[in-house]
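# Summary of structural features
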Amino acid sequence: MSDVFTPQKRSQVMSRIRGRGNKETEVALAKLLRAAGIKGWQRHRPVFGKPDFVFRPARVAVFVDGCFWHRCPQHSSMPANNRAFWRQKLSANAARDRLVTHTLRLRGWRVLRIWEHELVRKNEARCLQRIRRVLEAGFRARRKVT
């Protein structure tokens with residue numbers, strides 16, 4: 001079925017759609033954090049780059065990146081249709097991720113990026129270990145400052 005809009009109109013319509021993150025992966029991480037007894041996180045806080053989870057006292061920003069949208073090296077694939085568009089779109093997403101990570105680190109934040117595939121059951125223990133390690137490092141660094 002062909003599109004009822006011209007390419008320019010479709011682009012305009014799509015540009016007005018604003019996402020609010022990938023609820024499925026964010027909810028999966030929230031459940032994992034609760035089950036593991038990891039507390040102190042907040043969601044949707046006004047921090048540069050809009051992290052999915054913020055541990056403000058430890059200055060840790062956590063992003064849950066979808067394998068497709070953020071070009072996971074293990075699971076990312078390029079759609080067969082409209083390759084030039086998707087290559088540009090996904091490259092821009094990856095460049096934005098690098099900018100956000102770099103900027104937050106310059107501002108004294110620790111940044112943890114968790115891939116969507118890390119939230120499956122067989123990878124949960126390793127994921128939790130990474131989160132705890134980054135949180136501990138953040139808290140240690142904060143104690144040295146005060």
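Everything below is about the structure printed above this text.
Before going into details, it helps to say that this report is about the structure given with it. Along each chain, the written sequence defines residue order, and numbers are assigned to residues from 1. With pLDDT at 70 or above as the cut-off, local features in this predicted model cover only qualifying residues; side-chain atom pairs require 80 or more to be listed or tallied, and sums for whole chains, interfaces and linings still use all residues. In computing side-chain values, all of the structure's heavy atoms are included and hydrogens and water are not.

## Notes on the pattern of salt bridges
Put simply, the rule is: By salt bridge we mean one thing: a side-chain nitrogen of Lys or Arg within 4 Å of a carboxyl oxygen of Asp or Glu. The helix and strand labels rest on DSSP assignments: H or I over at least four residues marks a helix, E over at least two residues marks a strand, and numbering proceeds from the N terminus. Categorising residues by exposure relies on relative accessible area from a 1.4 Å probe, with only protein chains included: less than 20% of the type maximum marks a residue as buried, more than 50% marks it as exposed, and the intermediate range marks it as partly exposed.
Within the structure shown, the criterion is met by five salt bridges. Glu 26 is paired through a salt bridge with Arg 43; the nearest N and O atoms lie 2.6 Å apart. Residue Glu 26 is located in helix H2 (residues 23-35), and its partner Arg 43 is located in the loop between H2 and strand S1 (53-55); the two are separated by 17 residues in the primary sequence. We classify Glu 26 as buried; its relative accessible area is 2%. Classification of Arg 43 by relative accessible area gives partly exposed; the value is 26%.

## Things to note about the nonpolar core
Stated formally: Side-chain atoms within 4.5 Å link the members of a nonpolar core, which is a set of buried Ala, Val, Leu, Ile, Met, Phe, Trp, Tyr and Cys residues. Contacts are residue-level and defined by heavy atoms, with any inter-residue pair within 4.5 Å sufficient.
Leu 29, Leu 33, Phe 53, Phe 55, Val 62, Ile 114 and Ile 131 are the most contacted members of the largest nonpolar core, which totals 20 residues. Broken down by element, the residue count for this core peaks at five residues, all from helix H4 (residues 124-145). Those residues in contact with Phe 53 that sit more than four places away from it in its chain are Glu 26, Leu 29, Ala 30, Leu 33, Trp 41, Gln 42, Arg 43, Val 60, Ala 61, Val 62 and Val 64. Val 47, Leu 104, Trp 109 and Val 111 belong to the second-largest nonpolar core, a separate cluster that totals eight residues.

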